[in-house]
Amino acid sequence: MQETAAGKEQIKKFSIGAGIALLLVISGGYYLNVAPILQLRSLKRALELVQKGANPGKIQKEFQAAISYGSFGAREAREIMAGTARLVAAKEAFPPEERKKFLLAAIEELKKEIADSPQDVGHYLLLAQLLRSGLLDPSSKKEAEVFLKKALTISPAMQAIY
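Residues numbered from 1 in each chain as written. Predicted model: local features only at pLDDT ≥ 70, side-chain atom pairs only at ≥ 80, totals over all residues. Heavy atoms only, no water.

Asks: Looking at this model, I keep getting lost on the overall build of the protein chain. Mind explaining?
Replies: Within the protein chain, the secondary structure is distributed over six helices and zero strands. In the protein chain, the succession of α and β elements from N to C terminus is α-α-α-α-α-α. Classification of the 162 residues of the protein chain by burial places 33% in the buried group. Across the protein chain, every contact between residues at least 6 apart in sequence was considered, and the portion connecting residues at least 24 apart equals 57%. (Helix = DSSP H or I, 4+ residues; strand = E, 2+ residues; numbered from the N terminus. Buried < 20%, exposed > 50% of the residue type's maximum accessible area, 1.4 Å probe, protein only. Contact = heavy atoms within 4.5 Å.)

Asks: Looking at this structure, I do not really get the packing of aromatic side chains. What am I missing?
Replies: Aromatic rings considered in pairs are described by the distance between their centres and by the relative angle of their planes. Applying the stated rule across the entire model yields two aromatic pairs. An angle of 65° between the planes, with centres 6.2 Å apart, marks the rings of Phe63 and Phe102 as edge-to-face. Of this pair, Phe63 sits in helix H2 (residues 56-68) while Phe102 sits in helix H4 (residues 96-116), and the two are 39 residues apart along the sequence. Centroid distance Tyr124 to Phe147: 6.2 Å. Interplanar angle 40°. Geometry classified as tilted. Taken together, the positions of Tyr124 in helix H5 (residues 121-131) and Phe147 in helix H6 (residues 139-154) put the pair 23 residues apart, joining distant regions of the chain. Take Phe147: its relative accessible area is 15%, and that puts it in the buried class. (Phe/Tyr/Trp six-rings, centres within 6.5 Å; stacked < 30°, edge-to-face > 60°.)

Asks: Looking at this structure, how should I read H2?
Replies: The end-to-end C-alpha distance of H2, which contains 13 residues, comes to 18 Å, matching closely the 18 Å that a straight helix rising 1.5 Å per residue would cover. Three or more residues of H2 are buried, namely Pro56, Ile59, Gln60, Glu62, Phe63, Ala66 and Ile67. Projected down its long axis, H2 carries its buried residues within an arc of 160°, all on one side. Exposed residues lying more than 90 degrees from the buried face of H2 are Lys58, Lys61 and Ser68. Sitting at the head of H2, Asn55 places a side-chain oxygen 2.5 Å from the backbone nitrogen of Gly57. Downstream of H2 by a residue or two, Gly70 has a phi angle that is positive, lying close to 70°. (Expected span 1.5 Å × (residues − 1). Arc of directions from axis to C-beta. Polar contact = N/O pair within 3.5 Å; in protein donor to acceptor, adjacent residues only side chain to side chain.)

This is the structure we're talking about:
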């Protein structure tokens, strides 16, 4: 009788361990496979909307959807959104308020990226470019200078800063 109880206890422990392992595989599978695929689809839709000249609000929603998956492609999605913000800001066919709203959203995403990777000089430079846009108030140009100076302290030899 004791051996049977000990055997049942081993089976129970094995089942719990297998269940935990399965849960880890499934959740890892989502992060490593499903989330990046969904993220890429949202990013693709955002770029298609840009190409079609869609409303900046719709484009912004797709970029933010791509970023919201939280997978390893969020950084690239933010960088592409920032590059797109420069295009949207320059496109006079869009109403100024919509262009400004998209630009501000891209600026916020870049600030998050800088918080995640404070030593990446490229993000500081891209952020400074967006802040120097004519759509924003004059104080944003002073903020751009702050980010350029920070980039300079991180990488004083980088030619693009000068």
